[in-house]
Structure formats: C-alpha cells, structure tokens
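Next come the chains, spelled out residue by residue.
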Amino acid sequence: MFYHSKELQYKARVSKPDPRFARLLLEQFGGGNGELKAAMQYFVQAFACHNPYPDKYDMLMDIATEELGHLEIVGATIQMLLAGVNGNLKDAAESNDVFGEKNFSKEDFIHAAFSVNPQFGTVTGGGPCLTDSNGVPWQGSYVNANGDLTVDLRSNIAAESRAKIVYEYLMQFTDDPYVLDTLNFLLTREVAHFQQFEAALDTIQPNFPPGVLQSDPRYSNLYSNHSLGEDARGPWNEGRSPGLDEEWQYIEDPRRQVLETEGLTRCKPQGTERTEASVRSADKKLSKERSREVRRATPESNIEWCDYADSDGRKKRSAGTPRRQPVEQE
Ligand code: MN
Ligand code: MN
C-alpha cells in the first residue's frame, strides 16, 4: 500500500508564471520519457521479481515510488507556472488579467492560453494534464516490462538516459533560477538511478546476452557492410566484441556471402571459441538455473503475496509463501 506525504521531495519554486514553459514541462509529466512512464515502468517490472528476487523488487519499488514523487514535483511546478490562470478563469463573468499582467485582458489571455496549449484553457483550467508537450495523451505502451531482469534493467538504463537528456534540453528553455534548480535536482536523480540499475544488472551473472539463450556462434560476430562507399571501422566491427569476446568478422559483400552460404545456412563459426555444442550446453544450464530460481520461489497453490507481522511485530509465514532458500549450485 502507499502513503502520501504532503511535502515534496525537493523544494520546488517558480519566480513567476510562465505558461510557455509549463507546456514544455508537460513532456516530463505525461510524455514518453517522463516521470509517470518511469514510475509505471519500474512498478510493473517489480511484480515479476517479488518472489524470486526480493532484493531487486525492493529496489524497483523504491525507485518507482521516488519517480511518483518526481511526477508530483513536475505537476506542482506546472501548476505554479500557470499560477492565477485557474482563479481568473473562474471569474467567468468579467474580463480580467488571467496571467496577472497589467493591461492583459481576458481576450489577450484566451489568445495566449490557446497559443501556448489549448488544453490549459479549455480542459485543465490551468493545471497539468497527462499529455506530452504536444498534447498527445500518455499511454501504457511507453512502459517496457519483459519479465527478465537482464532485459528490464537495460530498458531502465535507457529510460534514465532519455529522461536525463530531456531535462537537459528543457533547461535551455527557461531562465527562471528556481525552475532551473528543480530541473537540476530531477536530472541528477536520473543519473543516480542510471547507476543503481547498472549496479543491479552487474549483480546478475551472467547477464549477457540479455535473456537466457546464448545466441548462435555462426552469426554472433559478423559485421555486415550494407553501405557503398568508404567504410568506417571501429571496435564495433574490428578487434574483439565486448560482450562475447569474439573476433569481429567483417563481411565486405553481404550479398556474395549470402549466395555462397545458401542464405548463411552453410556458414561456419569463425573467430570464436564458442561452438554449437558449447552453446547448447550453456543454454541448458542457464535455462535450468533461471527457471529454477523463479519456480522455487513460486508456490503452486495457496498463493499469497506477502507476510503480515504478529501483534508483537514478529514476522509470520503464510502457508503458501515459500521460504527463501539459497539457490542450489549444480
Ligand atoms: Mn525521475
Ligand atoms: Mn529516474
């Protein structure tokens, strides 16, 4: 369950209303890289970890909840940037200065509000809404959760990178020192989360390739040159590959290779110590290990989600909740 505390995580302030920046900041409220997306992504991912990986469950729920706090800071900032709009809109009978500026008539306001974001005038009455800065509604498809931590944590590292750069871009569009201060805080927290996800990924070994299956050594180190003209070379196509430590095979003419190998079916592994047999055995071993971790932690009947403490504060085990045991080594 959740509690709400009335204090913001960070002291958000604005110097003066600025509906134009309020609209831009919607990007981090209801946009594809915004705080609600982050909160929902980590929240949804957490369910699959609850039993098998309680340490990652704890981290995902902590960060998801912190992101909700960021959503609150962004919403509060948008509301402050639109200060006065709602009250003045309510004064429906009179022409008045909605943005609190002298000689700013209701007509001027209607023009200003609509040119900035029609929904501030017609829908939200001068508050945040769950859209991006272009008015595109927030959607659940922004959320990536694939039930595998080696995949999900990488999605999160990417999500934090995007959240960070959007704050960085946004900072170019305001000179309000209070707003800049808040954005600096939010951006910094994304950098912290990036590292937390990276550290968590590192505790899972092996974690490459993402998922379970090890990938086919016939194709894992091919670099396929699909462009004409001068070719760029770098560690992505020469030397050893960073994940599997195989020698990159540069395929100068992919079409010729495809013709010669009957659509790569007669391709032999080169520049790698991995063989089809070694891959099959690694696949088997890791499949067993990963499925055992999850199965062991998942009861098949009398399934309950959590324990409740006795009145004296001691934890009590429910019948359907399995005890955590160290994972057996083969
Ligand atoms: Mn955040
Ligand atoms: Mn974050």
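Residues numbered from 1 in each chain as written. Chains lettered and ligands numbered in written order. Predicted model: local features only at pLDDT ≥ 70, side-chain atom pairs only at ≥ 80, totals over all residues. Heavy atoms only, no water.

Novice: Help me understand empty space enclosed by the protein in this model?
Specialist: The probe, sized like a water molecule, is rolled over the atoms to show the empty space still left. By the definition in use, this model includes one cavity of 30 Å³ or more. When its volume is computed, the largest cavity comes out at roughly 40 Å³. N33, G34, E35, K37, A38, Y42, E67, A159, E160, A163 and E190 are the residues that line the largest cavity. For the lining of the largest cavity, the secondary-structure elements that each account for two or more residues are α3 (35-49) and α8 (149-170). For the lining of the largest cavity, the class distribution of residues is four nonpolar, two polar and five charged. (1 Å grid on protein atoms, 1.4 Å probe; cavity = no way out; pocket = protein on both sides within 12 Å on 5 of 7 lines; lining within 4 Å. Points joined across faces, edges and corners; volume = space filled by probe spheres on them. Helix = DSSP H or I, 4+ residues; strand = E, 2+ residues; numbered from the N terminus. Nonpolar A, V, L, I, M, F, W, Y, C, P; charged D, E, K, R; others polar.)

Novice: Help me out: how do you make sense of the nonpolar core in this one?
Specialist: One recurring pattern in soluble globular proteins is that nonpolar side chains are buried together. By size, the foremost hydrophobic cluster in this structure holds 26 residues, and its most contacted members are L25 and I78. Mapped by element, the contributors of at least two residues to this core are α1 (19-25), α4 (54-81), α8 and α9 (177-202). Residue contacts for I78: discarding those within four places in its chain leaves A22, L25, L26, F29, G127 and P128. Counting residues in each nonpolar core, the second largest holds 18 residues, with Y53, M59, L60 and A64 among its members. (Core = buried A, V, L, I, M, F, W, Y, C linked by side-chain atoms within 4.5 Å. Buried < 20%, exposed > 50% of the residue type's maximum accessible area, 1.4 Å probe, protein only. Contact = heavy atoms within 4.5 Å.)

Novice: Looking at this model, I keep getting lost on the environment of Q249. Mind explaining?
Specialist: Position of Q249 relative to the elements: it lies in strand β2 (residues 249-251). Distance from Q249 to N221, taken between C-alpha atoms, is 5.9 Å for residues 28 residues apart in sequence. Once you skip the residues sitting within four places of it in the chain, Q249 turns out to touch N221, L222, Y223, Q270 and G271. In this structure the side chain of Q249 is engaged in a polar contact, spanning 3.0 Å, whose partner is the backbone oxygen of E247. (Polar contact = N/O pair within 3.5 Å; in protein donor to acceptor, adjacent residues only side chain to side chain.)

Novice: What am I meant to see in the coordination of the manganese ion (ligand 2) here?
Specialist: Four donors placed tetrahedrally around a metal ideally meet at 109.5 degrees, and six donors placed octahedrally ideally meet at 90 or 180 degrees. Looking at the metal site, the manganese ion (ligand 2) is ligated by E67 (OE), E160 (OE), E160 (OE), E190 (OE) and H193 (ND1), spaced 2.0 to 2.3 Å from it. Counting along the primary sequence, the residues that act as donors to the manganese ion (ligand 2) give the motif E-x92-E-x29-E-x2-H. Between the manganese ion (ligand 2) and the manganese ion (ligand 1), a separation of 3.6 Å is found, and both are coordinated by E67. Taken together, the residues E160 in helix α8 and H193 in helix α9 connect sequence positions 33 residues apart. With relative accessibility at 0%, the residue H193 sits in the buried group. (Donors = N, O, S within 2.8 Å, 3.2 Å for Na, K, Ca; no water.)

What is shown is where atoms sit, not what they do.
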